[in-house]
Amino acid sequence: MAENRMKQDNPLGTKPVGKLLVQFAVPSIIAMLVSALYNIVDQFFIGHYVGMLGNAATNVAFPLTMSCTAISLLCGIGGAANFNLNMGRGNKEKAAKYAGNAIGMCFVIGILLCLVTKLWLEPMMVLFGATDQTLAYSLTYTGITALGFPFLIFTTGGSNLVRADGSPLFSMLCTLTGAVVNTVLDALFMIVFHMGIKGAAWATVTGQVVSAVLVAVYLTRFRTVRLGRDTLRPKAACWGNIAKLGMSPCINQFAMMAVQIVLNNVLTFYGKRSAYGSDIPLACAGIISKVGMMFFSIVIGISQGMQPIVSFNYGAQQFRRVLESVWKSIACATVISIAAFLCFQIFPRQIIGLFGQESEEYFQFAERYFKVYMFFTFANQFQPIVANMYTSIGKAAAGAFMSLTRQILFLMPLLIILPKFYGLDGAMYAAPIADGVAFLFAAVLLGRETHLLRTAIVQNPDPKIES
């Protein structure tokens, strides 16, 4: 009786799904956009006050930012999914342990990544595609921003727990505050104090520290459960289950990081053999990747906003609400994806121009790369939402496999094979081909899972669906 009463009292199980998606997805979207703005703002100021080589250097450093996001999603999404599934089942004590252990994971892994980066910084930058001209900039920028990795991971991972606790607006506020600090300090350090790329790096780290402090303050006042010292104590079983359910978004980010590294090296290698040289493709690709991340952040924000609703209702065996949440999320993300596609195809030159004025040759390459590489944007929403749907309902293996499809199974081989025959053009066309195949694959799996849920609803109003 107590469990049923708690399920009925929790708005995740009773409030209209549309209103819940607005409540949870909008703050999540804003938080993800603001997080992406860290890179965009740096790119803007570096493009205007350092130049093309500075922008190329931030592209070389970008895989490490992706690794931070991957780790934070492993801990944050995995912790939040376990938290909400157990809250839906009425097990508050177990839910609290998952939240506490997820916090500890974020902090410990963040420190380890910082140490590894500092110890092997130069080999990493060379591996990630730094040229002779961009290496010094890359070492300076990444050497400083590595100090912020623990804070970035703690903020992003902790924000998922804040949302899972029913406070999506505060989660957004944490990230927004850090981004405002970063923007103000970028202008101060680079325009007033003339600190160059060092100024951009220190502004980023300071913003991340401010965001982390706000998340830490909230976690001491968790609403639905009490997070005491006993919940923070590491438990192997909790870490394992958190990693299990967080593996899908984590793998997706690490796959994106691996693709970015391969892409950087492909652009550098084949760029030398083209009329553009190696630095123009490297700089252009960095800007376009980060602009693309702005769009993708909206899709991820919708997906993250969907997660607590789907997890709670799946745990509470309210499968109609699970289906409604997933399909309404896809509908919203589709509208955004089509709008982004139109912007990328119609205004590529104007978008690139926001990040500094370079040669006509630079703009010609950037405009063509933008249109080709981002062509399938209108269908890119399916894969991350379907992958996160599987994670949210506890089907970790399916979610992890979905996360591998676009980046590793399709895009990576194409990036290696096509440039051998078509040079830089091969690198451009690899992305839309991979996006198209990933879309079809995600659509098939989504149809399968929808059929399973609908069949179970017809057979039994309160079914338990096995993986």
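Here, every reference points to the structure presented above.
Rules used in this analysis
- Residues numbered from 1 in each chain as written.
- Predicted model: local features only at pLDDT ≥ 70, side-chain atom pairs only at ≥ 80, totals over all residues.
- Heavy atoms only, no water.
- Helix = DSSP H or I, 4+ residues; strand = E, 2+ residues; numbered from the N terminus.
- Rg over C-alpha atoms; globule rule 2.2 N^0.38 Å.
- Buried < 20%, exposed > 50% of the residue type's maximum accessible area, 1.4 Å probe, protein only.
- Contact = heavy atoms within 4.5 Å.
- 1 Å grid on protein atoms, 1.4 Å probe; cavity = no way out; pocket = protein on both sides within 12 Å on 5 of 7 lines; lining within 4 Å.
- Points joined across faces, edges and corners; volume = space filled by probe spheres on them.
- Nonpolar A, V, L, I, M, F, W, Y, C, P; charged D, E, K, R; others polar.
- Axes fitted to C-alpha atoms, helices over the stretch in contact; angles between N-to-C directions.
- Left-handed = near helix turned anticlockwise from the far one by under 90°.
- Core = buried A, V, L, I, M, F, W, Y, C linked by side-chain atoms within 4.5 Å.
- Polar contact = N/O pair within 3.5 Å; in protein donor to acceptor, adjacent residues only side chain to side chain.
- Salt bridge = Lys/Arg side-chain N within 4 Å of Asp/Glu carboxyl O.
- Parallel < 35°, antiparallel > 145°, perpendicular 65-115°, else oblique.
- Disulfide = S-S within 2.5 Å.
- Phe/Tyr/Trp six-rings, centres within 6.5 Å; stacked < 30°, edge-to-face > 60°.
- Lys NZ or Arg CZ within 6 Å of the ring centre and 35° of its normal.

Caption draft 1: Structural context of the overall build of the protein. What the protein contains, in helices and strands, is 19 helices and 0 strands. For 467 residues, the compact-globule estimate of 2.2 N^0.38 gives 23 Å, and the protein sits close to it at 22 Å. Dimensions of the protein, computed from the C-alpha atoms along their principal axes, are close to 70 × 45 × 35 Å. Considering the protein as a whole, with its 467 residues, one finds that 61% of them fall into the buried category. Relative to all contacts within the protein whose residues are 6 or more apart in sequence, the contacts with residues 24 or more apart total 82%.

Caption draft 2: Fine view of the layout of surface pockets. Volume-wise, the second largest pocket comes out at about 290 Å³. Along the walls of the second largest pocket sit 18 residues, with Asn 10, Pro 11, Asp 165, Gly 166 and Thr 224 positioned nearest its centre. Only α2 (11-14), α3 (17-49), α4 (52-88) and α8 (149-164) provide two or more residues apiece to the lining of the second largest pocket. It is α4 that provides the largest number of residues to the lining of the second largest pocket, a total of 3 residues. The residue makeup of the lining of the second largest pocket, split by class, is 8 nonpolar, 5 polar and 5 charged.

Caption draft 3: Focus on the packing of α8 against helix α10 (residues 197-219). Where α8 meets α10, the axes come as close as 8 Å, and the angle between the chain directions of the two elements is 35°. Remark: the crossing between α8 and α10 carries left-handed chirality. The segment α8 lies against α10, with Phe 151, Leu 152, Phe 154, Thr 155, Gly 158, Ser 159 and Val 162 engaging Gln 208, Val 209, Ser 211, Ala 212, Val 215, Ala 216, Tyr 218 and Leu 219. Grouping the amino acids of the contact of α8 with α10 by side-chain chemistry returns 10 nonpolar, 5 polar and no charged.

Caption draft 4: Highlighting empty space enclosed by the protein. Applying the stated criterion to the full structure yields 4 cavities of 30 Å³ or more. Taken as a whole, the second largest cavity holds about 400 Å³ of empty space. For the second largest cavity, the lining is made up of 25 residues, of which Met 256, Tyr 373, Asn 380, Arg 406 and Gln 407 are closest to its centre. Where the lining of the second largest cavity is concerned, the elements lending two or more residues are α12 (236-271), α13 (279-315), α17 (382-392), α18 (396-422) and α19 (424-459). Ranked by residues supplied to the lining of the second largest cavity, first place goes to α13 with 6 residues.

Caption draft 5: Examining the nonpolar core more closely. Ranked by size, the top nonpolar core spans 131 residues in total, and within it Met 125, Phe 222, Tyr 362 and Tyr 369 carry the most contacts. Per-element accounting of this core gives the leading share, 20 residues, to α13.

Caption draft 6: Expanded view of the side chain of Gln 407. Mapped onto the secondary structure, Gln 407 falls in helix α18. Classification of Gln 407 as buried rests on a relative accessible area of 5%. Reaching out from Gln 407, the side chain makes a polar contact with the side chain of Arg 406 at a distance of 3.2 Å. Residues within four places of Gln 407 in sequence aside, it is in contact with Asn 252, Ala 255, Met 256, Val 259 and Met 412.

Caption draft 7: Just the pattern of salt bridges, in detail. This structure, assessed with the given rule, holds 7 salt bridges. Taking the shortest distance from any N to any O, the salt bridge between Glu 367 and Arg 349 comes out at 3.6 Å. In this pair, Glu 367 is assigned in helix α16 (residues 360-373) and Arg 349 in helix α15 (residues 348-353), connecting sequence segments 18 residues apart. With relative accessibility at 25%, the residue Glu 367 sits in the partly exposed group. Its relative accessible area of 30% is what places Arg 349 among the partly exposed residues. Here Lys 395 ties to Glu 449 by a salt bridge, and the two come within 2.8 Å at their closest N and O atoms. A residue pair is termed long-range when its members are at least 10 positions apart, and Lys 395 in the loop between α17 and α18 and Glu 449 in helix α19 qualify at 54 residues.

Caption draft 8: Region of interest: the packing of helix α5 (residues 92-119) against α8. Contact geometry for α5 and α8: axes closest at 8 Å, N-to-C directions at 160°. As far as their axial angle goes, α8 and α5 are roughly antiparallel. By crossing handedness, the relation of α5 to α8 is classed as right-handed. Mapping the contact onto sequence places Ala 99, Ala 102, Ile 103, Cys 106, Gly 110, Ile 111, Leu 113, Cys 114 and Thr 117 in α5 and Phe 149, Pro 150, Ile 153, Phe 154, Gly 157, Gly 158 and Leu 161 in α8.

Caption draft 9: View of the environment of Leu 113. Tracing the backbone through its elements, the reader meets Leu 113 in helix α5. Considering only alpha carbons, one finds Leu 113 and Leu 64, 49 residues apart in sequence, at a separation of 9.1 Å. Residues in contact with Leu 113, not counting those within four places in the same chain, are Ser 67, Cys 68, Ile 71, Phe 149 and Ile 153.

Caption draft 10: Layout of the environment of Met 32. Looking at the secondary structure, you find Met 32 in helix α3. With 270 residues separating them in the primary sequence, Met 32 and Ile 302 have C-alpha atoms 9.6 Å apart. Every residue in contact with Met 32, bar those within four places of it in the chain, is listed here: Ser 297, Ile 300, Gly 301 and Gln 304.

Caption draft 11: Spotlight on the state of the cysteines. Per the counting criterion, the structure on display carries 0 disulfides. For the unlinked cysteine Cys 174, the closest cysteine sulfur is that of Cys 106, found at 13 Å. Residue Cys 174 is classed as buried on the basis of its relative accessible area, which comes to 0%. There is no disulfide at Cys 343, and the cysteine sulfur nearest it, in Cys 332, is 18 Å away. Judged by its relative accessible area of 36%, Cys 343 falls in the partly exposed class.

Caption draft 12: A look at the packing of aromatic side chains. Enumeration over the complete set of coordinates arrives at 22 aromatic pairs. Centre to centre, the rings of Phe 375 and Phe 378 are 6.2 Å apart; their planes meet at 85°, and the pair counts as edge-to-face. In this structure an aromatic cluster arises from ring pairing among Phe 83, Phe 170, Tyr 218 and Phe 222. Stacked on the ring of Phe 269, the Lys or Arg Arg 273 has its end atom at 3.8 Å from the ring centre.

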